[in-house]
Amino acid sequence: MPITTTWALARAWYSDRLSPDWRRSTRDEISAVFTTLGLVGPAWSFG
Amino acid sequence: MNDAAVRHAIFQHFAAHGSAPANADFAMRCGLSLAELHAALDRLDAAHAIVLKPGTHELWMAMPFSAVPTGYLVEWGERSAYANCAWDAFGIAAALDTDVTITTNDPLDGTALVVRVDGGRVVPDDHVVHFGVPAAQWWTDIGFT
């Protein structure tokens with residue numbers, strides 16, 4: 001994965017981690033993030 | 001203090017100190033007995049909000065932070081912390097919304113690598129990151145992942 005995509009994934013995944021209101025994302029929400037970043041295929045599927 | 005507040009306090013501690021809180025002091029600051037803190041940590045671990053060292057109530061991971069030294073050192077300002085992996089090293093920058101310097105080694109040949117997040121951009125930006133475990137299996141063995 002290009003390092004710039006890793007950075008984008010980190011921002012999508014972790015930007016709210018210090019919020020008191022943080023909650024774990026659902027699989028659908030996670031899948032939507034993957035798709036937005038072009039991370040598709042078996043490695044990125046919860047199948 | 002409820003579990004969400006305990007979780008938040010753990011992450012605030014990592015952000016402020018770069019390391020995990022000591023359970024005895026942390027329980028007192030949370031207004032909990034040590035047994036109550038341990039129960040909260042067990043629930044947070046089961047919910048994958050944190051990871052405890054197996055068979056203990058010691059923090060192992062509060063993703064993206066690592067409570068133990070790893071091959072990913074992240075520095076910001078006068079502070080530093082260890083990340084669990086390359087993704088989490090950038091995760092610390094994202095969680096703190098700050099520029100960082102990441103020091104690690106090339107997994108192929110051991111060469112020292114320094115990557116920065118500078119003004120929201122990755123420098124240099126021509127590296128690649130290897131994800132070795134499919135997403136569906138990340139929690140099968142989170143330590144390996």
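On a predicted model such as this, the values are computed, not experimentally measured, just so you know.

This part takes up the overall build of chain A. Along chain A, the regular secondary structure elements total two helices and zero strands. With the C-alpha coordinates of chain A rotated into their principal frame, the extents come out at 35 × 25 × 15 Å. Burial statistics for chain A: of 47 residues in total, 36% are counted as buried. Total accessible area on chain A stands at roughly 2,700 Å², and carbon and sulfur atoms take up 54% of it.

Below, the discussion takes up the packing of helix H2 (residues 23–30) of chain B against helix H3 (residues 34–46) of chain B. Residue and element names in this part refer to chain B. Remark: H2 packs on H3, axes separated minimally by 9 Å, with the N-to-C direction vectors making an angle of 95°. Our classification of the angle between H2 and H3 gives roughly perpendicular. Residue-level inspection shows Asn23, Ala24, Phe26 and Ala27 of H2 in contact with H3, the latter providing Leu34, Leu37, His38 and Leu41. For the contact of H2 with H3, the residue count by class is six nonpolar, two polar and no charged.

At the junction of the two partners, chain B supplies 35 residues and chain A supplies 23 residues. For chain B, the biggest contributors to the area lost against chain A are Arg7, Trp87 and Ala94 of chain B; these three give 21% of the whole. Between the two partners, chain B and chain A, sit zero salt bridges. Counting every contact that joins chain B to chain A gives ten residue pairs in polar contact (both at pLDDT 80 or more). For the side of chain B that touches chain A, the elements supplying multiple residues, two or more each, are helix H1 (3–17), helix H4 (86–96), strand S7 (112–118) and strand S8 (121–123) of chain B. Looking at the side of chain B that touches chain A element by element, the count peaks at eight residues for H4 of chain B. For the side of chain B that touches chain A, the residue count by class is 24 nonpolar, six polar and five charged.

All names here are of chain B. Here the domain parsing of chain B yields domain 1 (3–62) and domain 2 (69–145). A C-alpha centroid distance of 23 Å is found between domain 1 and domain 2. Listed as interface residues are nine residues of domain 1 and, on the opposing side, nine residues of domain 2. For the domain 1 face of the interface with domain 2, the top three residues by lost area are Ala15, His48 and Met61, together amounting to 54%. The tally of links from domain 1 across to domain 2 stands at zero salt bridges. Counting across the interface, domain 1 meets domain 2 through two residue pairs in polar contact (both at pLDDT 80 or more). Put simply, the parts of the chain that give the side of domain 1 that touches domain 2 at least two residues each are H1 and strand S2 (59–62). Among the elements that line the side of domain 1 that touches domain 2, the one with the most residues is H1, at four residues. Grouping the constituent residues of the side of domain 1 that touches domain 2 by class yields six nonpolar, three polar and no charged.

Take the packing of aromatic side chains next. Geometrically, a pair of aromatic rings is defined through the distance of the ring centres and the angle of the planes. With the rule as written, the count across this model stands at ten aromatic pairs over all chains. Judged by centre distance (6.2 Å) and plane angle (55°), the rings of tyrosine 14 of chain A and tryptophan 87 of chain B are tilted. Placement of tyrosine 14 of chain A in helix H1 (residues 3–14) and of tryptophan 87 of chain B in helix H4 is noted, with the two residues assigned to different chains. Taking relative accessible area as the criterion, tryptophan 87 of chain B reaches 8% and is therefore assigned buried. Measuring from ring centre to ring centre gives 5.7 Å for tryptophan 87 of chain B and phenylalanine 131 of chain B, while their planes differ by 45°; the resulting arrangement is tilted. Taken together, the residues tryptophan 87 of chain B in helix H4 and phenylalanine 131 of chain B in the segment after S8 connect sequence positions 44 residues apart. Grouping aromatic residues by their ring pairs yields a cluster made of Trp13, Tyr14, Phe34, Trp44 and Phe46 of chain A together with Trp87 and Phe131 of chain B. Between the NZ or CZ atom of arginine 7 of chain B and the centre of the ring of phenylalanine 11 of chain B, over which it lies, the distance is 4.8 Å.

Conventions and cut-offs
Just so you know, the residues in each chain are numbered from 1, in the order the chain's sequence is written. By the order in which they are written, chains take letters starting at A while ligands take numbers starting at 1. pLDDT decides what is reported in this predicted model: residues at 70 or higher carry local features, side-chain atom pairs at 80 or more are listed and counted, and totals for whole chains, interfaces and linings draw on all residues regardless. Computation of side-chain values: all heavy atoms of the structure, hydrogens and water removed. In this text, helices come from DSSP runs of H or I with a minimum length of four residues, and strands from runs of E with a minimum of two, each type numbered from the N-terminal end. Throughout this description, buried means an accessible area under 20% of the type-specific maximum (1.4 Å probe, protein chains only), exposed means over 50%, and partly exposed covers the range between. Where accessible areas are quoted, they stem from the Shrake-Rupley method and a 1.4 Å probe; at the residue level, only the protein chains shown are allowed to cover. A fitted line through C-alpha atoms represents every axis, and for helices the fit uses only the stretch in contact; the resulting angles, taken between N-to-C directions, go from 0 to 180 degrees. Our angle categories are set so that under 35 degrees counts as roughly parallel, over 145 as roughly antiparallel, 65 to 115 as roughly perpendicular, and the remainder as oblique. The criterion used for residue contact is that any of the two residues' heavy atoms lie within 4.5 Å. Ten residues, namely Ala, Val, Leu, Ile, Met, Phe, Trp, Tyr, Cys and Pro, are considered nonpolar, four, namely Asp, Glu, Lys and Arg, are considered charged, and the remaining ones, Gly among them, are considered polar. A quick way to say it: buried area is the sum, across both parts, of accessible area lost when two parts are put together, with a 1.4 Å probe. Any carboxyl oxygen of Asp or Glu within 4 Å of a side-chain nitrogen of Lys or Arg constitutes a salt bridge here. Two N or O atoms form a polar contact when they lie within 3.5 Å of each other; inside protein one atom must be a possible hydrogen donor and the other a possible acceptor, and for residues adjacent in sequence the pair counts only when both atoms belong to side chains. For the purposes of this description, domain bounds are those given by an automatic or database domain assignment. Stacked, tilted and edge-to-face are the three classes assigned to paired rings of Phe, Tyr and Trp, where Trp is represented by its six-membered ring and a pair needs centres within 6.5 Å; plane angles under 30 degrees give stacked, over 60 edge-to-face, the rest tilted. In this scheme, the term charge over a ring applies when either NZ of a lysine or CZ of an arginine sits within 6 Å of the ring centre and within 35 degrees of the ring normal.

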